[in-house]
Amino acid sequence: MNTNPGIIGKKLGNTQIYSADGNVQRVTVIEAGPITVISKRTKEKDGYVALVLGMGERKEKHTNKAQLEVAKKANQTPKRVVKELRCTEEFAAKFEVGGVMKIEEIFTAGQKIDAQGRTRGRGFTGVMRRWSFAGGVGSHGTHEYFRHGGSIGTNMTPGRTLPNIKMAGHYGDEVVSMQNLKVAQVIPEKHLLLIEGGIPGAKGSTVLLRHAVKTRARKAGR
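Residues numbered from 1 in each chain as written. Predicted model: local features only at pLDDT ≥ 70, side-chain atom pairs only at ≥ 80, totals over all residues. Heavy atoms only, no water.

A.B. asks: Give me the lowdown on the overall build of the chain, citing residues and values where you can.
C.D. replies: Across its full length, the chain carries four helices and twelve strands. In terms of overall dimensions, the chain is more spread out than a globule: its C-alpha atoms have a radius of gyration of 23 Å, far above the 17 Å expected for 222 residues. Counting all 222 residues of the chain, 31% fall into the buried class. Total accessible area on the chain stands at roughly 14500 Å², and carbon and sulfur atoms take up 49% of it. (Helix = DSSP H or I, 4+ residues; strand = E, 2+ residues; numbered from the N terminus. Rg over C-alpha atoms; globule rule 2.2 N^0.38 Å. Buried < 20%, exposed > 50% of the residue type's maximum accessible area, 1.4 Å probe, protein only. Areas by Shrake-Rupley, 256 points an atom, 1.4 Å probe, with all protein chains shown as cover.)

If you want it as structure tokens, here you go:
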């Protein structure tokens, strides 16, 4: 279970900035705030440690009673997005229920992070789009078989289609993680994070950002 420090945010889109040496950096803009700590999970009561974070405002008439009670206990209004973030006891102790998480206290420019989001759903697609198949040949008598997947098994042995054969089907709408992305810039007054590269998800979708888990220290001279 990943318990590295992190925060939730909303993907605003992509843009580009100029670095100090004049090079262009393609970045993804994440709005990570204001993020409110709505509740806490403790080992004594729940068996694990976590922070329940809320982002955005939600009308009370669109909120169920359970969520309203949690918000009232924290002296907060109902939140549009509520996510639970597993963490260590040391990280959870830094925040009080009802407090606000500040991105400058969690991330710094140049830091490596992991980003997790849900990709855009693309509906039912064929094997060429879903699995990057090459398709059939366009000559030698090929007839209505240009975008098919080809053979999916044998006749006699085993006499059936084996599991996990790549076929047409539902594509996208799945959780994807991107590792070792670099924080290009932190803008605390606007609650913005600029991250080099792309992050899964459509504009306006919720993403989870954490400290990277697979960073390796560079050896001297490299």
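Alright, that's what it looks like, and here's the rest.
A.B. asks: Help me get a handle on the nonpolar core, residues and values and all.
C.D. replies: Residues Met101 and Leu209 are the most contacted members of the largest nonpolar core, which totals 29 residues. Residues in contact with Leu209, not counting those within four places in the same chain, are Pro5, Gly6, Ile7, Ile30, Phe107, Ile113, Asp114, Ala115, Leu193, Ile195 and Ile199. Core analysis: the second largest hydrophobic core is formed by seven residues, Val27, Val29, Ala184 and Leu192 among them. (Core = buried A, V, L, I, M, F, W, Y, C linked by side-chain atoms within 4.5 Å. Contact = heavy atoms within 4.5 Å.)

A.B. asks: Account for the pairing of strand β4 (residues 50-57), with residues named and values stated.
C.D. replies: Most of β4 sits out of view: six of its eight residues are buried. As paired elements, strand β3 (residues 35-41) and β4 share six bridges and run antiparallel to each other. Residue pairing for β4: Lys40 is matched across the bridge by Leu51. (Pairing = 2+ DSSP bridges.)

A.B. asks: Provide a residue-level description of the side chain of Gln25, including the pertinent values.
C.D. replies: In this structure, Gln25 sits in strand β2 (residues 24-31). For Gln25, a relative accessible area of 18% corresponds to the buried category. Here Glu196 takes part through its side chain, which lies 2.7 Å from a polar atom of the side chain of Gln25. Dropping the residues within four chain positions of it, Gln25 is found in contact with Thr15, Gln16, Ile17, Ser19, Ala184 and Glu196. (Polar contact = N/O pair within 3.5 Å; in protein donor to acceptor, adjacent residues only side chain to side chain.)

A.B. asks: Report on the sheet that holds strand β6 (residues 100-101), specifying residues and quantitative values.
C.D. replies: What the four strands build is an open sheet, ordered β5-β4-β3-β6; its pairing is antiparallel. Looking at which strands have only one partner, the edges of the open sheet turn out to be β5 (79-86) and β6. Where β3 and β6 come together, two bridges link them in antiparallel fashion. Paired with Thr36 across the two strands is Val100, which belongs to β6.

A.B. asks: Got a sec to walk through the sheet that holds strand β10 (residues 175-187)? Specific residues and values, please.
C.D. replies: Pairing within the closed barrel is antiparallel, and its six strands lie in the order β1-β2-β11-β10-β7-β12. The mean angle between the axes of side-by-side strands here comes to 50°, regardless of whether they run parallel or antiparallel. Two strands pair when backbone bridges link them, and β10 and strand β11 (residues 192-196) are joined in this way by four bridges, in the antiparallel orientation. Paired with Val183 across the bridge in β11 is Ile195. (Axes fitted to C-alpha atoms, helices over the stretch in contact; angles between N-to-C directions.)

A.B. asks: Please provide a residue-by-residue account of the environment of Ala115, values included.
C.D. replies: Position of Ala115 relative to the elements: it lies in strand β7 (residues 112-118). Considering only alpha carbons, one finds Ala115 and Pro200, 85 residues apart in sequence, at a separation of 8.0 Å. For Ala115, the contacting residues outside a window of four places in its chain are Val176, Ser177, Met178, Leu181, Ile199, Leu208 and Leu209.

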